[in-house]
Amino acid sequence: MSRPNQIITVNLNTAIDRVLEVPQMEIGAHAKGRQISRYPAGKAINVSRALARLKCDSIATGFVGQGEALQFEQFLRSTGPGRIICQLLSVRGQTRENITLIDPVLHTDTHIRDEGFEITDADFHRMMSKLGLLARPNTVMVFSGSLPRGMDVARINMLLMMAMSGGAKVVLDMGGDMLSQLIGLDASSGGESPVDAAAGDVVDVSNVEAAVELEDNPLWMVKPNQHELAQMLGMSELKDDKQIVEAALKLARRVRHVVVTMGEAGAWLVQGDQVWRGTVEMDPDRVVNTVGCGDSMLAGLLEGYICHQALAEELSDNSDPGEPLAAILRRGLAAATANALWAGIAEFDLAQVQEIEKLVRVERYEPAGR
């Protein structure tokens, strides 16, 4: 058996997340609320925390404001039972603080996003060096979340190419507009996408030359939601299952694994021409908080792909994916659902996820006339 894969989460725009419960919230009116939690976060940080709940280790890197660096390190160290190795790079400026307002009566979540530190040229080159050291053929690098000030498409492209040049499997979970540019679906990206650049002979990244064959190392996974997938393809919306599947299959020509999330309606997993649909039988009244469900789902998918080495090897043998793909989607949906039953993010445990898995229904999808 080959050496187990290592998961590295890259959070370029970390945050302090503050969650308040405000019953029957009305915009413009005075409201009484209570603080449920306040903790270090960011989408990739949430992925590492959810992985730890699933007893899966990871390395968390990215940027953090120098005043909050110790808080992040202590917080990540305390999350378990899996281990999180904190390798965040401190930068000048303050980590942003986001606020989520949860209305338990109306079942709504309102998100207020702050603006934090700005990345300098020196910070960017430090991150390039960090990823150059971490990227190996046995690593999976998860780039998740928004970009801080000072980062643009060209720079994130360079980070992705650095990861791919080291042999890492690259996972993207970003906004639809950003994904379309990074995958090369949008000619306005201002440069080659990592996929397009990988198809060339040589990639020049800050004087580092690396040949990356597209056939051997394309983008490994993307996880847009239904609306982001439509945005990526320049469509106003995807109206039905047929349109969603056709869009996902189109994206799967450039990315090895495509996961399309649909909130309470479940998710799709596409690999090549194999399409799987997963749904969860769950009483909606049990849902407490949807913040972090997408991050928890991604952690569940990665735990299935990476920590279950036998499944990863079976998939890499180009055999019929069959039950392994269904099991992976089932684990991802179970982790997302478990997260929704808690007020905080990644507060579930593995036993709870395993129980919810029994409620997840996964079926192979066969479009009519195919």
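Keep in mind the model is a prediction, meaning the values are calculated, not measured. (Residues numbered from 1 in each chain as written. Predicted model: local features only at pLDDT ≥ 70, side-chain atom pairs only at ≥ 80, totals over all residues. Heavy atoms only, no water.)

Turning next to the overall build of the protein chain. Tallying secondary structure elements over the protein chain gives twelve helices and 16 strands in all. Relative to all contacts within the protein chain whose residues are 6 or more apart in sequence, the contacts with residues 24 or more apart total 73%. Within the structure as shown, the protein chain displays about 16400 Å² of accessible surface, and the carbon and sulfur contribution to it stands at 47%. (Helix = DSSP H or I, 4+ residues; strand = E, 2+ residues; numbered from the N terminus. Contact = heavy atoms within 4.5 Å. Areas by Shrake-Rupley, 256 points an atom, 1.4 Å probe, with all protein chains shown as cover.)

The next thing to look at is the packing of aromatic side chains. A complete count under the given rule lists three aromatic pairs for this structure. Ring centres 5.1 Å apart and planes at 65° place the aromatic pair Trp 220 and Tyr 305 in the edge-to-face group. With a gap of 85 residues between them, Trp 220 in strand S12 (residues 219-222) and Tyr 305 in helix H9 (residues 293-307) connect regions that are remote in the sequence. We note that Trp 220, like Tyr 305, is buried. Arg 49 extends its terminal NZ or CZ atom over the ring of Tyr 39, reaching a point 5.7 Å from the ring centre. Across from the ring centre of Phe 124, 4.6 Å away, lies the NZ or CZ of Arg 155, which sits over that ring. (Phe/Tyr/Trp six-rings, centres within 6.5 Å; stacked < 30°, edge-to-face > 60°. Buried < 20%, exposed > 50% of the residue type's maximum accessible area, 1.4 Å probe, protein only. Lys NZ or Arg CZ within 6 Å of the ring centre and 35° of its normal.)

Spatially, S5-S4-S1-S8-S9-S12-S13-S14-S15-S16 is the arrangement adopted by the ten strands of the open sheet, whose pairing is mixed. At either end of the open sheet lies a strand with only one pairing partner, and these are strand S5 (84-91) and strand S16 (360-364). Neighbouring strand axes in the sheet, compared pairwise and without regard to direction, differ in orientation by 15° on average. Judged from the eight bridges that link them, strand S4 (residues 58-65) and S5 form a sheet pairing that is parallel. Across the sheet, the residue bridging to Val 64 is Ser 90, located in S5. (Pairing = 2+ DSSP bridges. Axes fitted to C-alpha atoms, helices over the stretch in contact; angles between N-to-C directions.)

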